[in-house]
Number of protein chains: 2
Amino acid sequence: MSMTTGVHALVRRTHEERVLAALRAHGALSRGELARRVGLSRTTLSEITANLLQRGAIIVADTDAATRAGSGRPAERLALDPDSGQFLGVDFGHRRVHVAVADASHEIIAQGVERYDDDPPWAERLEIAFDLIDRLSRDTGVHFGALQSIGIGVPGPYTGARAGTPAVSWKNQLAPDGVDLAFAERFGAPVVVDNNTRLAALAEAISRPDAVDNLIYLRLSDGVGGGLVVSGRLVTGSRGFAGELGHVTANPSGAPCRCGKRGCLETIASVPSILRACSEAGADVENLADLAAAVAKGDPAVDAVLREVGSTVGRVLGAAAMTLNPREVVIGGEIVRIAPVLVEQAAATLRYELYSIPSDQPHIVRAAQLRDSDGALGAIAAIFHQSPLLAGYPDPTASVENAPQQRSAL
Amino acid sequence: MSMTTGVHALVRRTHEERVLAALRAHGALSRGELARRVGLSRTTLSEITANLLQRGAIIVADTDAATRAGSGRPAERLALDPDSGQFLGVDFGHRRVHVAVADASHEIIAQGVERYDDDPPWAERLEIAFDLIDRLSRDTGVHFGALQSIGIGVPGPYTGARAGTPAVSWKNQLAPDGVDLAFAERFGAPVVVDNNTRLAALAEAISRPDAVDNLIYLRLSDGVGGGLVVSGRLVTGSRGFAGELGHVTANPSGAPCRCGKRGCLETIASVPSILRACSEAGADVENLADLAAAVAKGDPAVDAVLREVGSTVGRVLGAAAMTLNPREVVIGGEIVRIAPVLVEQAAATLRYELYSIPSDQPHIVRAAQLRDSDGALGAIAAIFHQSPLLAGYPDPTASVENAPQQRSAL
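An unreviewed UniProt entry lists chain A under the name ROK family transcriptional regulator, with Agromyces binzhouensis as the source organism. Per its UniProt entry, chain A bears the Sequence similarities (unreviewed entry) comment "Belongs to the ROK (NagC/XylR) family."

Given below as structure tokens:
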């Protein structure tokens, strides 16, 4: 082989790798988008993709007709061969586990949910999850022949500390130590574990056409939690507790919180706290369905409670946003769909709190795009780690020493 | 040259580069520290350093006798040849400019201050700074023959936006557009500009023997500002306003703030606000010297004001720390030296606010190590960019396209 041929082959392989990496990170892309992302001319790119198509490494997935702005002929979108890799996402909640499987082109090809009693032991949750995955595989024909990695969301703070560091105990709940190893042993793939609210923040950040590199995410649910994306990175904090917005003091003389303080945001803006406040205001509201009905009929007492809660949420988010200057603030949890006034009021309060910060984006607050039941999609987002957003996120293939937040059993 | 020799030479050069990079990033280090940082055996390292010493690329700076823990023979500390590079740091305040020059071994070899009237136009400040640098050079013999880069701190938010983006105007104060170009043209070296409070946060983070990768810095001065180091990176936020802790609302019904809101932390914890509160409490306190005298005699009215302010500072820092889970919270400004009770009270309040977060560090709050007058040291910290802390900080030698926060005129 002549020197020139050798160099050409090397350059071509480098180009091919960049094209494959872009498709791995972004799913299906048109040739134009691909050329822009990998920095190649259209001509060079066409040569590369023709070769990859011929070898079956990539396929024509669809056209961009559905999402295309303007007129003109729709462009083909290229994607990795879907069979060339699978990604498994698992989200453990307090009362259910959600599993989703994505293929190499980032399509979700199977998902399912299994409920369990409140906070069962982790050994039991694992069995339930494994059974669910087996059943999904049987029912849908999904296989894990080329499983790339596994993302797992767990409730509560997660520091990823293991060797030599005792598991962190918080609010009397033991960290799910061993979950990663159990999955890694069963599936023989690298595992990333993180707090599921933090993973939801990441999923929201990369759910936008142009990924958001500075985002604050707050989830209102049985508890109140949060997650931060700062400078394009998911933030864990020094001990894994970053984003604990639910335990920011909102009212120093407020109600006792399960954490031992008083007036934490969670005592005001969690779903149980909101339902209780509605009842105390005289509304007949015991659950989210009742709340939806009260909102639908325009119950003024419920509206007042929701505005008051929204205002408190806006103040706490205001302090966080003055600290971090995010591009977006996202509020998640089923309640934001049921009670949009809560998000509207939080947005109004936040606008005041950020009054002194010039912005070309007057409306930075939005409701989350993903639902609580989509938890496993956040875990999958974490393992699509080639996303530019994840530059600083632990690479699931890296060694344990370099990446304390994740562990590979391989 | 045989293949083996070629590879050996390449390996040796790689090792040499890592040793030089470590000395560039950390200043003087003993051979033991060097071996640990670059991951070489003591034997290999000794060969490398012997060669570098022989060639004059590095020197024996001193021994670690002064800082050494335990007994044993003091170890020599190696450093880059001081003459092999200079770093220029400039800090523009509202009423003075501070200039410092460091050599390649990170020693400050010259510094000076020049005062000016309140907020003169930038053209005037530049002239004053250039004159000061010329005078320093004349008086101390410091030359800029191998100037590596220039770090510049400016008051107010700094986004680094230039081409196509209008300079940000904030609180009616124009961003110091053009300062970077003026320095780059005069000195022919790459320039990094950032907000000076943010640079102070960075300087505090790297001032510790083991650099702190998660830190919240708050400065109490004529105004109140802050800076954040998150996951080892200095945070700018989406528009350059991250760290504006002075304009977090501390009391919604408080005094009007210059920013247009009410009860911002600045209306309570800035030096003028604190002096005013002391006067209103009946103390004869007009300036920091009066305050120092009142503290020295134990004036109970002044003590009460300082504790109240410390408590408010602690609450605002508590919200920020629940959000970011930092390893350290640092409070700076001359007032923290004059009134240590303020920091003590803030620490006590913060301890309560973080009650629910397990920590092996009960005391994460400390007073800043650097004084306000040390501003240029923060700017110099920013250009010692090989520090691991600065992995994500714009490289002053990188191209403009890749690094929006900095611009090189070269």
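So that's the structure; there's more coming.
Chemist: Help me out: how do you make sense of the packing of aromatic side chains in this one?
Modeler: Aromatic ring pairs are reported here in terms of the distance separating the ring centres and the angle at which the planes meet. Residues and elements named next belong to chain A. On inspection of all chains with the given rule, the structure shows 12 aromatic pairs over all chains. Between Phe-183 and Phe-187, the aromatic rings sit 6.0 Å apart at their centres with planes inclined by 15 degrees, giving stacked as the arrangement. Of this pair, Phe-183 and Phe-187 both sit in helix α5 (residues 179-187), separated by 4 residues, roughly a single helical turn. Phe-183 sits in the buried class, given a relative accessible area of 0%. In textbook terms, an aromatic cluster arises when at least three aromatic residues are bridged by ring pairs, as seen for Phe-92, Trp-122, Phe-130, Phe-144, Phe-183 and Phe-187. For the cation-ring pair, Arg-186 lies above Phe-130, with the distance from its terminal atom to the ring centre recorded as 4.3 Å.

Chemist: Looking at this structure, I do not really get the relation of the copies chain B and chain A. What am I missing?
Modeler: Copy one and copy two of the chain differ by a rotation about a common axis and a shift along it. Of the transformation placing chain B onto chain A, the axial shift is 0.0 Å and the rotation is 180 degrees, giving an RMSD of 0.2 Å. In short, the pair behaves as if placed about a two-fold rotation axis. Nearest to the rotation axis, the C-alpha of Ala320(B) is located 3.2 Å from it, this being the minimum over chain B. Mapped onto chain A, 100% of the interface residues of chain B again fall at the interface, so both copies present the same surface.

Chemist: Can you walk me through the sheet that holds strand β3 (residues 76-80) of chain A in this structure?
Modeler: Residue and element names in this part refer to chain A. Spatial strand order, β1-β3-β2: 3 strands in an open sheet with antiparallel pairing. Where the open sheet ends on each side, the last strands, each with one partner, are β1 (29-30) and β2 (58-63). Pairing between β2 and β3: 5 bridges, direction antiparallel. Residue pairing across strands places Val-60 opposite Leu-78, the latter belonging to β3. The strands touched by helix α3 (residues 42-54) within the sheet are β2 and β3, with β2 carrying the most contacts at an inclination of about 110 degrees.

Chemist: Quick question: what am I supposed to make of the environment of Leu342(A) here?
Modeler: Residues and elements named next belong to chain A. Of note, Leu-342 is situated in helix α12 (residues 340-353). Among the residues examined, Leu-342 registers a relative accessible area of 0% and is labelled buried. In this structure the C-alpha to C-alpha distance between Leu-342 and Val-305, which are 37 residues apart in sequence, comes to 9.1 Å. If we ignore the near neighbours within four places in the chain, the residues touching Leu-342 are Leu-220, Ile-274, Leu-306, Val-309, Gly-310 and Val-313.

Chemist: Sorry, what's going on with helix α6 (residues 196-206) of chain A here?
Modeler: Structurally, the α-helix is built with 3.6 residues per turn, so residues lying three or four positions apart point the same way. Residues and elements named next belong to chain A. By the criterion of burial, α6 is predominantly enclosed, with 10 of the 11 residues buried. Buried within α6 we find Asn-196, Thr-197, Arg-198, Leu-199, Ala-200, Ala-201, Leu-202, Ala-203, Glu-204 and Ala-205. Between the side-chain oxygen of the N-cap and the backbone nitrogen of Thr-197 there are 3.0 Å, and the N-cap of α6 in question is Asn-195.

The rules behind each value
- Residue indices begin from 1 for each chain and proceed along its sequence in written order.
- Working convention: letters from A go to chains and numbers from 1 go to ligands, in the order in which they are written.
- Where totals are concerned, whole chains, interfaces and linings use all residues; where local detail is concerned, this predicted model gives features only for residues with pLDDT of at least 70, and gives and counts side-chain atom pairs only at 80 or more.
- Side-chain measures were taken over the full set of non-hydrogen atoms in the model, leaving aside hydrogen atoms and water.
- UniProt positions are given in the numbering used here, feature names are shortened, and annotations may be inferred rather than shown by experiment.
- Note on aromatic contacts: the rings of Phe and Tyr and the six-membered ring of Trp form a pair at centre separations within 6.5 Å, being stacked when their planes are under 30 degrees apart, edge-to-face when over 60 apart, and tilted otherwise.
- Secondary structure elements are taken from DSSP: a helix is a run of H or I of four residues or more, a strand is a run of E of two residues or more, and numbering for both begins at the N terminus.
- Using a 1.4 Å probe on the protein chains alone, a residue whose accessible area is under 20% of its type maximum counts as buried, one over 50% counts as exposed, and one in between counts as partly exposed.
- When the NZ atom of lysine or the CZ atom of arginine is within 6 Å of a ring's centre and also within 35 degrees of its normal, the charge is said to sit over that ring.
- The copies were overlaid by least squares, fitting only the C-alpha atoms of residues that reach a pLDDT of 70 or more in each copy.
- Here a residue-residue contact requires only that any non-hydrogen atoms of the pair lie within 4.5 Å.
- If DSSP finds at least two bridges between two strands, the strands pair.
- Only C-alpha atoms enter the line fits that serve as axes; for helices the fit covers just the stretch in contact. Angles between N-to-C directions range over 0 to 180 degrees.
- For the purposes of these results, a polar contact is taken to be a pair of N or O atoms within 3.5 Å, where, inside protein, one atom must be able to donate a hydrogen and its partner to accept one; residues adjacent in sequence count only when each atom of the pair is a side-chain atom.

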